[in-house]
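What follows is the residue order along each chain.
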Amino acid sequence: MRLRNITGSREVIAESPYVVQEAVQLKCASSWNRIFGNENPIHIEIGMGKGQFIHTMAKGHPQVNYVGIEKYSSVLLRAVQKMEEEELSNLKFLRMDAEIVGEVFGPGEVDRIYLNFSDPWPKDRHARRRLPSREFLARYSRILRQGGKLEFKTDNRELFDFALEELGPAGWTLEACTYDLHGDPEMMAGNVTTEYEEKIGRASCRERV
Ligand code: SAM
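Residues numbered from 1 in each chain as written. Predicted model: local features only at pLDDT ≥ 70, side-chain atom pairs only at ≥ 80, totals over all residues. Heavy atoms only, no water.

Caption draft 1: Fine view of the overall build of the protein. Counting its regular elements, the protein contains 10 helices and seven strands. Expected size for 209 residues packed as a compact globule is a radius of gyration near 17 Å; at 16 Å, the protein falls within 12% of this value. For the protein, the spread of C-alpha atoms along the three principal axes comes to 40 × 35 × 35 Å. Within the span of the protein, comprising 209 residues, buried residues form 48% of the whole. Long-range contacts, defined as pairs at least 24 residues apart, comprise 74% of the intrachain contacts of the protein with a sequence gap of at least 6. Put simply, the protein has 29 plus and 32 minus side-chain charges, and the middle of one group is 3 Å from the middle of the other. (Helix = DSSP H or I, 4+ residues; strand = E, 2+ residues; numbered from the N terminus. Rg over C-alpha atoms; globule rule 2.2 N^0.38 Å. Buried < 20%, exposed > 50% of the residue type's maximum accessible area, 1.4 Å probe, protein only. Contact = heavy atoms within 4.5 Å. Lys, Arg positive; Asp, Glu negative; His and termini not counted. Charge placed at Lys NZ, Arg CZ, Asp CG, Glu CD.)

Caption draft 2: Representation of the environment of G168 in the model. Relative to the elements of secondary structure, G168 occurs in helix α8 (residues 157–170). The exposed category is assigned to G168, whose relative accessible area is 55%. Remark: the alpha-carbon pair of G168 and D184, spanning 16 residues in sequence, is separated by 25 Å.

Caption draft 3: View of helix α7 (residues 134–143). For α7, the full list of buried residues reads F136, L137, Y140 and I143. The arc enclosing the buried residues of α7, seen along the axis, measures out at 120°, which places them on a common side. Those residues of α7 hidden inside the fold are in contact with β1 (42–46), α6 (101–104), β4 (110–116), β5 (144–154) and α8. (Arc of directions from axis to C-beta.)

Caption draft 4: Here's a closer look at the environment of N33. Residue placement: N33 occurs in helix α3 (residues 32–36). Overall, N33 belongs to the partly exposed group, its relative accessible area being 29%. Sequence separation between N33 and E135 is 102 residues; the distance between their C-alpha atoms is 27 Å. Those residues in contact with N33, other than ones at most four positions away along the chain, are N38, E39, N40, I42 and E109.

Caption draft 5: Region of interest: the site of the ligand. With respect to spatial proximity, 19 residues lie near the ligand, and among them G47, E70, A98, N116 and T194 are the closest. Within the side chain of T194, one N or O atom sits 2.7 Å away from an oxygen atom of the ligand. Within the complex, 94% of the 600 Å² of free accessible area of the ligand lies under protein. Looking at the shell around the ligand, its residues break down into nine nonpolar, four polar and six charged. (Near = heavy atom within 4 Å. Polar contact = N/O pair within 3.5 Å; in protein donor to acceptor, adjacent residues only side chain to side chain. Areas by Shrake-Rupley, 256 points an atom, 1.4 Å probe, with all protein chains shown as cover. Nonpolar A, V, L, I, M, F, W, Y, C, P; charged D, E, K, R; others polar.)

Caption draft 6: Broad picture of the pattern of salt bridges. As enumerated under the stated definition, the model contains 10 salt bridges in all. For K149, the salt bridge is made with E175, and the minimal N-O distance between the two is 2.4 Å. With K149 in strand β5 and E175 in the loop between α8 and β6 (176–178), this residue pair connects regions lying 26 residues apart in the sequence. Residue classification places K149 among the partly exposed positions, given a relative accessible area of 22%. Between D161 and R157 there is a salt bridge, with the nearest N and O atoms lying 3.1 Å from each other. Of this pair, D161 and R157 both sit in helix α8, four residues apart, which is roughly one turn of the helix. Overall, D161 belongs to the partly exposed group, its relative accessible area being 24%. Look at R157 and you get partly exposed, because its relative accessible area is 44%. What you see here is one network of salt bridges that share partners, running through K59, K82 and E86. (Salt bridge = Lys/Arg side-chain N within 4 Å of Asp/Glu carboxyl O.)

Caption draft 7: Highlighting the nonpolar core. Counting residues in each nonpolar core, the largest one holds 34 residues, and the members touching the most others are I44, I46, F105, I113 and Y140. For this core, the secondary-structure elements that each account for two or more residues are α3, β1, β2 (65–70), α6, β4, α7, β5 and α8. For this core, the element with the highest residue contribution is α8, accounting for five residues. I54, A58, M83 and L88 belong to the second-largest nonpolar core, a separate cluster that totals 19 residues. (Core = buried A, V, L, I, M, F, W, Y, C linked by side-chain atoms within 4.5 Å.)

This is how it looks when you write it as structure tokens:
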């Protein structure tokens, strides 16, 4: 991934009404219903990039509250700009490292987690940084409600195989899986493409757990 530091992006993010700010974040575990002003289910995307997927999902599902999480201000800036063009009341953003996701959402507060084209971190010594690793799955288990789901798609076969191997040790069960997402009508139903997915043309793998 190549990142460009966009001058002023930190300041824009720090002042944006669409971004839940740090001081609030850590206090707000279990108060997302208050932030959204309703009791609707909460779906989150971790590593959302420029936000195409989550903006489209929020627009198509007004009865669901969405929270997009992205580590870098310069990337999140694009999602904020999109919200300025087309504001949605059921979408908020967090600029943070997903490592602290368990401090920002309360136990069982989240209904669904999306991981789309997560960074592969190919070196073994970086395995813990992979978003579908057992360390991250443990964090997700805490915030997901009983019966909650995680959906993961990627074009990286090594990362996908790694994700499948992590499920058992983390105590998760696989509900559905394909190695040819765009050729699988059942798994493609309702698929919303991400920026990355459009750029590469297709996603090869998807799992629902
Ligand atoms: N999901 C988007 C898509 O499919 O177009 C972006 C994919 S991009 C390859 C991965 C994104 O995840 C990057 O924007 C990166 O900054 C973000 N990311 C990676 N690790 C993260 C973490 N620990 N916490 C939050 N964001 C993270």
